[in-house]
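Commentary on secondary and tertiary structure
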Amino acid sequence: MNFAYCTNGFSDHRLPEALAILADLGYSGAAITLDHGHLDPYAAGSAHEVALIARRLGELGLRTVVETGGRYTLDPWRKHHPTLLDDDAGAARRADLLSRALRIAADLGAPVVHLWSGVRPAEVTEAEAWARLARWCERLLDEADRVGITLAFEPEPGMLVGDLAGYERLRGLLGGHHRLGLTLDIGHCQCVEPHDVPECVRRALPYLAHVQIEDMRRGVHEHLEFGAGEIDFPPALAALDGYRGLVAVELARHGHAAPEVARRSIDFLRRAYERSRLDGAGRPAGEGVA
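Keep in mind it's a predicted model, so treat the numbers as computed, not measured. (Residues numbered from 1 in each chain as written. Predicted model: local features only at pLDDT ≥ 70, side-chain atom pairs only at ≥ 80, totals over all residues. Heavy atoms only, no water.)

As a further point, take the packing of aromatic side chains. For any pair of aromatic rings, the description rests on two quantities: the centre-to-centre distance and the angle between the ring planes. Applying the stated criterion across every chain, the model contains seven aromatic pairs. When the ring of tyrosine 5 is compared with that of tyrosine 27, the centres are 5.7 Å apart and the planes differ by 80 degrees; the resulting orientation is edge-to-face. Pair noted here: tyrosine 5 is in strand 1 (residues 2-6) and tyrosine 27 is in the loop between helix 1 (15-25) and strand 2 (29-33), with a separation of 22 residues, a long-range link. Accessibility classification places tyrosine 5 together with tyrosine 27 in one group, the buried group. With 5.6 Å between their ring centres and 55 degrees between their planes, tyrosine 167 and tyrosine 207 make a pair best called tilted. Remark: tyrosine 207 occurs in the loop between helix 7 (197-204) and strand 7 (208-213) and tyrosine 167 occurs in helix 5 (residues 164-173); sequence separation between them is 40 residues. Residue classification places tyrosine 167 among the buried positions, given a relative accessible area of 0%. On the basis of relative accessibility, which here comes to 28%, the residue tyrosine 207 falls in the partly exposed class. (Phe/Tyr/Trp six-rings, centres within 6.5 Å; stacked < 30°, edge-to-face > 60°. Helix = DSSP H or I, 4+ residues; strand = E, 2+ residues; numbered from the N terminus. Buried < 20%, exposed > 50% of the residue type's maximum accessible area, 1.4 Å probe, protein only.)

What follows is the structure in structure tokens.
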């Protein structure tokens, strides 16, 4: 299994240093969040920096995907604003960021760009919000097709597309477009989905382009270190059998101790994965990982 780490959890590190740490710890890849400190898509000289990072990824043998969930990338006052659900001017700014992300991904050799819907503005009806989202996604999917990148849409608790049913609704509105994949956050499954995590994974598997992973509790959208929440990870990892993309640890609020958190995370995931394989060979499942 290809374990990776989201660089939003290394925001206090320079990106080349973060990548070197992840490689030293044995991660297979990095999910790079485009933001002010890491491959800022609006910085002067960004193309040169992207070329340097592409070369560094190759030297370290790391795979990558591009994530676009930076909190204040576009608006220093309002988190995750604007979104594709806002008026034309705001949505165009978000679409511009995503277009830049597609070009950066192509230059990095990353096959996937991650995105989400955003929260429905109070003045926008639900029907109009879905119409706006579908309209902008159609344009972005055309661009993704031109550059050969998959857009991996993440259901995010509290947003318009907040669960797997929401992703499936969007996919239907877009005619099952072959460039519209799914980012599945394992913690979100525990938080909001009506079924258990392995069942959610199996439901998602046909569309899966990217996976984020962390621990979480039912009904509480808080990304926790492994073992601090309620998820039984060996069955969840076993359900990912056949998926060949990255499984990226997302602990954005743990940057103050990023190297040690990353070390603990990969140690935990390796044990959980080994247990999942033993369980598949006939040992009792669901015992957790010490």
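Anyway, onward from the coordinates.
Let's shift gears to the pairing of strand 4 (residues 112-115). Burial of strand 4 is two-sided: the residues Val112 and His114 facing one way and the residues Val113 and Leu115 facing the other way are all buried. Following the backbone out of strand 4, through helix 4 (residues 126-147) and into the adjacent parallel strand 5 (residues 150-153), one traces a crossover that is right-handed. (Right-handed = clockwise from strand over helix to strand, strands pointing away.)

With that out of the way, let us pick up unusual backbone geometry. Backbone torsion omega between histidine 81 and proline 82 reads -10 degrees, so that peptide bond is classified as cis. Tracing the backbone through its elements, the reader meets proline 82 in the loop between strand 3 (63-67) and helix 3 (88-108). A positive phi angle is found at leucine 39, which is not glycine, with a value near 50 degrees. Examined against the element boundaries, leucine 39 turns out to sit in the loop between strand 2 and helix 2 (46-60). Phi angles above zero are rare outside glycine, and histidine 80 is one such case at about 55 degrees. Residue position: histidine 80 is located in the loop between strand 3 and helix 3.

What follows deals with the packing of helix 2 against helix 3. Two elements in contact, helix 2 and helix 3, have axes whose closest approach is 9 Å; the angle formed by their N-to-C orientations is 40 degrees. The angle between helix 2 and helix 3 falls in the class oblique. In this structure, helix 2 meets helix 3 at a crossing whose hand is right-handed. Residues Val50, Ile53, Ala54 and Leu57 of helix 2 form the contact with helix 3, whose own contacting residues are Ile104, Asp107 and Leu108. Of the residues that constitute the contact of helix 2 with helix 3, the class distribution is six nonpolar, no polar and one charged. (Axes fitted to C-alpha atoms, helices over the stretch in contact; angles between N-to-C directions. Parallel < 35°, antiparallel > 145°, perpendicular 65-115°, else oblique. Left-handed = near helix turned anticlockwise from the far one by under 90°. Contact = heavy atoms within 4.5 Å. Nonpolar A, V, L, I, M, F, W, Y, C, P; charged D, E, K, R; others polar.)

A few words on the packing of helix 5 against helix 7. Where helix 5 contacts helix 7, the two axes come as close as 11 Å, and the packing angle between them is 10 degrees. In terms of their interaxial angle, helix 5 and helix 7 are classed as roughly parallel. Facing Leu164, Ala165 and Glu168 of helix 5, the residues of helix 7 in contact are Cys200, Arg203 and Ala204.

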